[in-house]
Amino acid sequence: MTIPAYVITGFLDAGKTMFLNNLLNRYDWHHSKILVIQFEIGEEDFHSRYNNCDSIVFPKKLLEQQPKYIIDQIHSRIQSYEFDEIWIEWNGVAPFSQLQSLLLHSSLHRLCKIERVIHIADAVQIESLLGRTGNPLPEQILNSDFVVVRNVHSKNAFRRVQRLMNGINSDADIYKMSEYKKIYNELSSKKSQPIEEFLLMLILVVGLSFSGRLVLELFQIPINTIINVFLGVILQAIPFLLIGVLLSTLIQVFIPKEAVEQRFPKSFGMGMLVAILGGFCLPVCDCASIPIFRSLVKKGVPIPVAVTFMTATPVINPVVILSTYYAFNGNLSIVIGRICFGVIGAILIGIIFAVWTPKGNILNDGSLGRFMCNCGCYEETELVTNFMGKVNLFLRHSQAEFFSVGKYLIIGTFISSIFQTIGTEIFTAAQSGASLAISIIIMMVMAFLLSLCSSSDAIVARSFAKQFPMGAIMGFLVFGPMMDIKNVMMLSSGFSNRFIGKLLFVTFIVCFAIIFLFFGLGEI
């Protein structure tokens, strides 16, 4: 059984040891056997009021020079005693990824697992520190589950820190040091995992169908048909989702992103050509395409070229082509249409960004100079060098990504099964004019909200074919992979809001225009 580990981060003198003393010496923890590991020596010492805490201290010099010794010492201490919890006070100037490397890629990963990461921020100093301390501090904030703020002297000061923290980590809750009950409740709540979210979503869909059966049948809604359609669609989609995740993770873990970056031309013409060819050859998910996009921009590749690569890759890669061919029963016109619209759309978006050049710095360097995907594995590929470590990372990333994206597939499939069973055919008769435009917009907005993986979205799109014209279906297939909610969330961690808004607007307009013009003129 793995021991839950709670990590306290924060810059030097932020009050990490004081927080540990105030928290772990409360009565709530007096029955727990706790190991406290400190990676810096501050002005305040940790002490245990109830003698239930065993502590061990490692100075920064030891962390830099002898990480193997540290691992052995922690392993020996855990094996010697039966601890209920581990609390780690991380060094304020060390990257958080260094702690992940210690715990995940050694013998310790079988003994303990990070349960929560708490960042301690000093309201008086945090703004000035972020501007002059490099990457470790924002990286610690980005990896935190919640932030505890001390030295809050006014409501305005707290709101200022809230805005600052949310700009770096929008998912983290912010508490004052005095709000013990909220902090305790946060620590007591179980952290959800991708597999749990996936199963919860599945149980919710099944529960709704059975609990609402009687009510739905009163309105003559064929619930059994909806369930059968749902199961039929999702059983067809899951294999392609799995193939896409496995291939994407394989490339992501075993092929260094530098291999792509270094071979990417910096000239506009050749860069656009390589961007499109890369889209055909790289079956990668958002976890890889968006971080590579950011790296290309940082390395001086023109923004239009990098944008073309990012928008083309998820629409026209091999797994997407295969799943589209299967979903539409070998209809090559739909497959070729998706490829052509995807390529034309990506090129036009790139050209627009070449003409309408973004002003200022589009990179959000204030938040993080590194980038991580939703499962937190992406940057670890640079830390893992041995083959078995990469295999372990491959398996972990594949599992996390499959269940993380799988919940979106469940939601999309459930909605499409309802449309397919009881949806009106009002849009199928509208093949031109304003009605066609409305149907395309509806499907593009739906693609944005559902955030489906492009490796399986074609099967869900096909289930809408009875209610929407092919133009609207194509809008779903082209725009969705380029830009959806999860893409915007990933972009927000590394790019300015102004740039993201412009990219979303341009992508939507271009995709809508080329599809509406083509289908409105009756070419298909």
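Residues numbered from 1 in each chain as written. Predicted model: local features only at pLDDT ≥ 70, side-chain atom pairs only at ≥ 80, totals over all residues. Heavy atoms only, no water.

Chemist: Looking at this structure, I do not really get the overall build of the chain. What am I missing?
Modeler: The number of helices and strands found in the chain is 23 helices and seven strands. Among the 524 residues that make up the chain, the fraction classed as buried is 53%. Here the contacts in the chain between residues at least 6 apart in sequence split such that 80% fall between residues at least 24 apart. (Helix = DSSP H or I, 4+ residues; strand = E, 2+ residues; numbered from the N terminus. Buried < 20%, exposed > 50% of the residue type's maximum accessible area, 1.4 Å probe, protein only. Contact = heavy atoms within 4.5 Å.)

Chemist: Help me understand the nonpolar core, please; the structure alone is not making it clear to me.
Modeler: Side chains that are nonpolar tend, in soluble globular proteins, to be buried together. Core analysis: the largest hydrophobic core is formed by 82 residues, its most contacted members being Phe293, Leu491 and Leu503. Counting residues per element, this core draws most heavily on helix H23 (residues 497–520), which supplies ten residues. In this structure, Leu62, Ile70, Phe83 and Trp90 belong to the second largest nonpolar core, which totals 27 residues. (Core = buried A, V, L, I, M, F, W, Y, C linked by side-chain atoms within 4.5 Å.)

Chemist: Just to check I follow, could you spell out unusual backbone geometry for this structure?
Modeler: Outside of glycine, negative phi angles account for most residues, and trans bonds account for most peptide bonds. The phi dihedral of Asp13 is positive, around 65 degrees, even though this residue is not glycine. Checked against the element boundaries, Asp13 lands in the loop between strand E1 (3–9) and helix H1 (16–24). Since its relative accessible area comes to 53%, Asp13 is described here as exposed. In this structure, Ser451 is a non-glycine residue whose phi angle is positive, near 55 degrees. By secondary structure assignment, the location of Ser451 is in the loop between helix H19 (433–450) and helix H20 (457–462). Owing to a relative accessible area of 1%, Ser451 belongs among the buried residues under this scheme.

Chemist: Hey, could you run me through the packing of aromatic side chains in this one?
Modeler: To describe a pair of aromatic rings, you give the distance between the ring centres and the angle between the ring planes. According to the stated counting rule, one finds 20 aromatic pairs in the structure shown. Geometrically, the ring pair formed by Tyr6 and Trp87 is stacked, given 4.8 Å between the ring centres and 20 degrees between the ring planes. Of this pair, Tyr6 sits in strand E1 while Trp87 is found in strand E4 (residues 85–89), placing the two residues 81 residues apart along the sequence. The pair formed by Tyr6 and Trp87 is uniform in burial state, with each residue classed as buried. With a centroid separation of 6.4 Å and an interplanar angle of 80 degrees, the aromatic rings of Tyr27 and Tyr50 are classed as edge-to-face. Within this pair, whereas Tyr27 is found in the loop between H1 and strand E2 (34–38), its partner Tyr50 is found in the loop between E2 and strand E3 (53–57), the two being separated by 23 residues in sequence. Looking at Tyr27, the relative accessible area reads 57%, which means it is exposed. Connected via pairs of aromatic rings, a cluster forms that spans Tyr6, Trp29, Trp87, Tyr180 and Tyr184. (Phe/Tyr/Trp six-rings, centres within 6.5 Å; stacked < 30°, edge-to-face > 60°.)

Chemist: What should I look at first to understand the environment of Asp457 in this one?
Modeler: Position of Asp457 among the secondary structure elements: in helix H20. As for Asp457 and Gly412, which are separated by 45 residues in sequence, their C-alpha atoms are 8.7 Å apart. Dropping the residues within four chain positions of it, Asp457 is found in contact with Arg338, Leu452, Phe476, Leu477 and Pro481.

Chemist: Would you mind going over helix H4 (residues 96–104) with me for this structure?
Modeler: Residues spaced three or four apart along an α-helix face the same direction, because each turn holds 3.6 residues. Residues of H4 that are buried: Phe96, Ser97, Leu99, Gln100, Leu102 and Leu103. Summarising the contacts, the buried residues of H4 are in contact with E1, helix H2 (60–65), helix H3 (67–80), E4, strand E5 (112–122) and helix H6 (136–142).

Chemist: Just to check I follow, could you spell out a nonpolar patch on the surface for this structure?
Modeler: On the surface, Phe268, Ile344, Leu348, Ile351, Val355, Trp356, Phe505 and Ile509 cluster together to form a nonpolar patch covering roughly 760 Å² of accessible area. Of all the secondary-structure elements, those providing two or more residues to the nonpolar patch are helix H17 (332–355) and H23. Per-element tally for the nonpolar patch: the top contributor is H17, with four residues. Mapped onto the secondary structure, Ile351 falls in helix H17. (Patch = residues over 30% accessible without salt bridge, like charges linked within 9 Å, V, L, I, M, F, W, Y side chains within 5 Å. Areas by Shrake-Rupley, 256 points an atom, 1.4 Å probe, with all protein chains shown as cover. Salt bridge = Lys/Arg side-chain N within 4 Å of Asp/Glu carboxyl O.)

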